[in-house]
Amino acid sequence: MTKGYWKKSIGVLTGVLLLSSILAGCGNSSESSTGSGSTGGTSETVIYDWQNADSYVYKMSEQLAKQYNERKDATTTMKVQHIPGTDRYYPKLNAELAANAGPDVFVSHAAGKLKTYADSGRIMDLTEILNADPEWKKSFTSGAFNLLTFDNKVYAIPTAFATVPLFYNKEIFAKYNLTPPTTYEELKNVIKVLKDNGVTPFAFGAKESWTSALFSEMVANRIGGDEPFNKLMEGTGTWMDPSYIQTGNVMNELRDMGAFPSGFLGLDNTAITNMFKNGEAAMFVMGSWAVGSVEAADSKVQGKIGIAKFPTFEGGKGDLNTWLGQPSYNLVIRANTKNKDAALEYIKAWTSNEVQTKLAEENGDIPAVNVKLDKDKVPAVAQDLQKEMSDMKGMFIFYDVGLGAKIGDEYNTTIQAILAGQAPEEAFQSLEQFTQDNKE
């Protein structure tokens, strides 16, 4: 992974956040699956994702598979296997790919995470497929493939983009005369007021290491700016940079203030999402993929959610208008699949005008292709996010994506360990040694 990929990500999301873009997207492929894995009957095309049953994307994936299976010319049966939680998903996927087996199609994060699969030769180079369908290729937003391309070869198709805001419950904030904090000192004051009134400040959990790491990455950027992580991406940085030690101390300070719920070490992403959508916490730092869940019909905070930027730190080098984000839901085809045509049709269905419009208007996603949206149908919170990002100055990528699975995941567990009681200096020293031992 190089710094160049990181820089390109700014252009990617600056463009895609213009939800009113007007070009037409691609339609579904007209070719049917050849059923190359079939032996006298119908083969099975297996798709893996990490979705929970209550997510919009889960339901969409099931719907697309069902639509294909009901076709008279279908010569393979599409089956989606959901493995909720990336801490479960990636180990299962990696073990199967290592054995030269696994699903025909699977979801992957971008950049370093995807590059590991590309370098292994286990996934399909999609460059020629895209070039052979220029209308499809042209339908994607400018720069959509930047973090999915290595050595000029495209290895995944994006279906949505994501960024990380600070969601807050406007009803709770109004009740206690609070305003969204723009500085860390203001945030601590908000936390104190909420605690004094028996309100849990943040829906936050660390059972899945990535959720607490995501929060910490915002803290680290606000303290140290872009440079410390850029250097780590280039292979010249160090986890012993003072900004990371301070990040660990801030996470501990927030924990000790009671900013996080009781038992947060045992709460996963589903639990904390439900906590916020049930009105049981005032704030939530999470990716824009949560919009669909927190604005769902069963949400107690529907229509009550505000969007804010993550606060800055006194003396910090980070900017209030720098955002954390990436292409978030990317579809990959296994290199030796026997059902290439069906796999490709499934992916093209995700990038059709119809599906991309639904993802944006019904789930609040940032579309991957150029579609014309009805602003009256886009969730208000998604429109608020667009407004907040209109003056974006830069963007940085999730650590476990930019650095790749091995080192990125180790960062995640480092934050988990700090929150569980390990001293930040000791934890980051261990991460530094791990990084040195596992550099490619």
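Residues numbered from 1 in each chain as written. Predicted model: local features only at pLDDT ≥ 70, side-chain atom pairs only at ≥ 80, totals over all residues. Heavy atoms only, no water.

**Comments concerning the overall build of the protein**
The helix and strand tally for the protein stands at 19 helices and 14 strands. Relative to the globule expectation of 22 Å for 440 residues, the C-alpha radius of gyration of the protein, 21 Å, shows essentially globular dimensions. The buried share of the protein, taken over its 440 residues, is 58%. The long-range share in the protein, meaning contacts at least 24 apart out of those at least 6 apart in sequence, stands at 77%. Carbon and sulfur atoms make up 48% of the accessible area of the protein, which amounts to about 17,500 Å² in all. Charge centroids of the protein, computed over 42 positive and 53 negative side chains, lie 2 Å from each other. (Helix = DSSP H or I, 4+ residues; strand = E, 2+ residues; numbered from the N terminus. Rg over C-alpha atoms; globule rule 2.2 N^0.38 Å. Buried < 20%, exposed > 50% of the residue type's maximum accessible area, 1.4 Å probe, protein only. Contact = heavy atoms within 4.5 Å. Areas by Shrake-Rupley, 256 points an atom, 1.4 Å probe, with all protein chains shown as cover. Lys, Arg positive; Asp, Glu negative; His and termini not counted. Charge placed at Lys NZ, Arg CZ, Asp CG, Glu CD.)

**Observations concerning the sheet that holds strand E10 (residues 305-308)**
Pairing is antiparallel across the open sheet formed by three strands, whose spatial order is E9-E8-E10. Since the sheet does not close on itself, it has two edges, and those belong to strand E9 (283-285) and E10, each with one partner. Taken over all neighbouring pairs, the strand axes of this sheet differ in orientation by 25° on average, direction set aside. Sheet topology note: the strand E8 (residues 166-169)/E9 ladder contains three bridges and is antiparallel. Bridge pairing in E9 places tyrosine 168 opposite methionine 283. Together, E8, E9 and E10 form the strand contacts of helix H12 (residues 269-277), whose direction differs from that of E9 by roughly 145°. (Pairing = 2+ DSSP bridges. Axes fitted to C-alpha atoms, helices over the stretch in contact; angles between N-to-C directions.)

**A word on the environment of asparagine 197**
Tracing the backbone shows asparagine 197 in the loop between helix H8 (184-196) and helix H9 (209-224). On the basis of relative accessible area, asparagine 197 is assigned to the partly exposed category, the value being 41%. Of note is the side chain of asparagine 197, whose polar atom sits 2.8 Å from the backbone oxygen of valine 193. (Polar contact = N/O pair within 3.5 Å; in protein donor to acceptor, adjacent residues only side chain to side chain.)

**Quick look at the pattern of salt bridges**
On inspection of all chains with the given rule, the structure shows 19 salt bridges. Among the salt bridges present, the one from lysine 66 reaches glutamate 70, with a minimum N-O distance of 2.6 Å. The network of salt bridges with shared partners includes Arg71, Asp73 and Glu345. (Salt bridge = Lys/Arg side-chain N within 4 Å of Asp/Glu carboxyl O.)

**Focus: the confidence of the model for the protein**
Overall, the predicted model of the protein reaches an average pLDDT of 89, with 90% of residues at or above 70. Across residues 1-10 the pLDDT falls below 50, and counting only partners more than four positions away or on other chains, this stretch makes 28 contacts in the model. This stretch, residues 12-41, has a pLDDT under 50; its non-local contacts, to residues over four places away or in other chains, come to 84 contacts. (pLDDT = per-residue confidence, 0-100.)

**A look at unusual backbone geometry**
Unusually for a residue other than glycine, alanine 111 sits at a positive phi of about 50°. Tracing the sequence through the fold places alanine 111 in helix H4 (residues 111-120). Owing to a relative accessible area of 0%, alanine 111 belongs among the buried residues under this scheme.

**Regarding helix H19 (residues 424-437)**
Taking 1.5 Å of rise per residue, 14 residues should cover 20 Å, and H19 covers 20 Å from first to last C-alpha, within 8% of that figure. Listed in full, the buried residues belonging to H19 are Pro424, Ala427, Phe428, Leu431, Glu432 and Thr435. Mapping the buried residues of H19 onto a view down its axis gives an arc of 140°, with all of them on the same face. Contacts from the buried residues of H19 go to helix H11 (242-257) and helix H18 (405-419). (Expected span 1.5 Å × (residues − 1). Arc of directions from axis to C-beta.)

**A few points about the packing of aromatic side chains**
This model, assessed by the stated rule, comprises 34 aromatic pairs. Ring centres 5.5 Å apart and planes at 65° place the aromatic pair phenylalanine 260 and phenylalanine 264 in the edge-to-face group. Like phenylalanine 264, phenylalanine 260 is buried. Between the aromatic rings of tryptophan 289 and phenylalanine 398, the centroid separation amounts to 6.0 Å while the plane-to-plane angle is 45°, which identifies the pairing as tilted. Of this pair, tryptophan 289 sits in the loop between E9 and helix H13 (291-294) while phenylalanine 398 sits in the loop between strand E14 (394-396) and helix H17 (399-402), placing them 109 residues apart in sequence. A residue is classified by how much of its surface remains accessible, and phenylalanine 398, at 6% relative accessible area, is buried. Among the aromatic residues, those joined into a cluster by ring pairs are Trp50, Tyr89, Tyr90, Tyr329, Tyr346 and Trp350. The ring centre of tyrosine 90 lies 4.3 Å from the NZ or CZ of lysine 113, which sits over that ring. (Phe/Tyr/Trp six-rings, centres within 6.5 Å; stacked < 30°, edge-to-face > 60°. Lys NZ or Arg CZ within 6 Å of the ring centre and 35° of its normal.)

**Some remarks on the side chain of asparagine 330**
Locating asparagine 330 in the fold gives a position in strand E12 (residues 330-333). Residue asparagine 330 is classed as buried on the basis of its relative accessible area, which comes to 0%. At a separation of 3.2 Å, a polar atom in the side chain of asparagine 330 contacts the main-chain carbonyl oxygen of proline 327. Look past the residues within four positions of asparagine 330 in its chain and what remains in contact with it is Phe106, Val107, Ser108, His109, Ala110, Leu148, Ala156, Ile157 and Pro158.

**Description of the sheet that holds strand E11 (residues 322-327)**
An order of E13-E7-E11-E14 is seen for the four strands of this open sheet, with the pairing classed as mixed. Edge strands, defined here as strands with exactly one partner in the open sheet, are strand E13 (366-367) and E14. Summarising the sheet, E11 and E14 pair through three bridges and their orientation is parallel. When the sheet's bridge partners are listed, tryptophan 323 is paired in E14 with methionine 395.

**Here's the deal with the nonpolar core**
Ranked by internal contacts, the top residues of the largest apolar core, which has 141 residues, are Phe202, Phe215, Trp239, Phe260, Met283 and Trp350. Among the elements that make up this core, the one with the highest residue count is H9 (eight residues). Setting aside chain neighbours within four positions, we find phenylalanine 215 in contact with Phe202, Phe204, Met251, Leu254, Phe260, Val285 and Phe310. (Core = buried A, V, L, I, M, F, W, Y, C linked by side-chain atoms within 4.5 Å.)

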